Amino acid sequence: LVGYSGGSVIAMYLASIKDLNIKSVRTVAGNIKPNEFTELLNISPYKTSLNLNSIENNIQFVSQSHFYGAKDKVIPKEFNKSKSNYSCQNTCILSP
């Protein structure tokens, strides 16, 4: 399953539903930790966003790869480092 930008959090949520039997998730420029994202940028938190911390146990064994751009001005590179919390099997790939 692939998610881009805000769709990344939807892909991660769907992967947490065991009955869907999703084997892997790939995100591109994904904001999968909205609370940390708003903190890092020092902006007001989203009022109605999905917080993946509540489903972390369900997605920790789903294979994940997260793709980012080194020059991305929306998802800063500092944010990308924190995604390793979600799975021991994930990969973060930074593209120049």
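Conventions adopted
Residues numbered from 1 in each chain as written. Predicted model: local features only at pLDDT ≥ 70, side-chain atom pairs only at ≥ 80, totals over all residues. Heavy atoms only, no water. Helix = DSSP H or I, 4+ residues; strand = E, 2+ residues; numbered from the N terminus. Buried < 20%, exposed > 50% of the residue type's maximum accessible area, 1.4 Å probe, protein only. Contact = heavy atoms within 4.5 Å. Areas by Shrake-Rupley, 256 points an atom, 1.4 Å probe, with all protein chains shown as cover. Core = buried A, V, L, I, M, F, W, Y, C linked by side-chain atoms within 4.5 Å. Polar contact = N/O pair within 3.5 Å; in protein donor to acceptor, adjacent residues only side chain to side chain. Pairing = 2+ DSSP bridges. Right-handed = clockwise from strand over helix to strand, strands pointing away. pLDDT = per-residue confidence, 0-100.

Glancing now at the overall build of the protein. Per the secondary structure count, the protein includes 4 helices and 4 strands. Moving toward the C terminus, one meets the helices and strands of the protein in the order β-α-β-α-α-β-α-β. When each of the 96 residues of the protein is scored for burial, the buried share is 35%. Pairs at least 24 residues apart make up 71% of the contacts formed inside the protein by residues separated by at least 6 positions. Roughly 5900 Å² of accessible area belongs to the protein as shown, and the carbon and sulfur atoms make up 54% of that amount.

If you look at the biggest cluster of nonpolar residues, it comprises 10 residues: Val9, Ala11, Met12, Ala15, Val25, Ile32, Leu52, Ile55, Ile59 and Val62. Considering every element that reaches this core, the biggest residue donor is helix α1 (residues 7-15), with 4 residues. Beyond its immediate chain neighbours, meaning those up to four positions away, Ala11 contacts Leu1, Val2, Gly3 and Val25.

Position of Thr27 relative to the elements: it lies in strand β2 (residues 24-28). For Thr27, a relative accessible area of 0% translates into the label buried. Here the side chain of Thr27 touches His66 through a polar contact of 2.7 Å, side chain to side chain. Discounting chain neighbours no more than four positions away, the residues touching Thr27 are Gly3, Ser8, Ile32, Ser65, His66 and Phe67.

Looking now at the pairing of β2. Alternating residues of β2 divide into Val25 and Thr27, all buried, and Ser24, Arg26 and Val28, none buried. Sheet analysis places strand β1 (residues 2-4) next to β2, joined by 3 bridges and oriented parallel. Along β2, the bridge assignment pairs Tyr4 with Val28. The handedness of the β1 to β2 crossover, carried by α1, is right-handed. Summarising the sheet, β2 and strand β3 (residues 63-69) pair through 5 bridges and their orientation is parallel. What sits directly across from Thr27, in β3, is His66.

Quick look at the confidence of the model for the protein now. As a general rule, the predicted coordinates of low-pLDDT regions are not to be interpreted in detail. Looking at the protein, the pLDDT average stands at 81 and 81% of residues meet or exceed 70. Ranking the elements of the protein by mean pLDDT puts helix α4 (residues 77-80) last, at 65, and β1 first, at 95.

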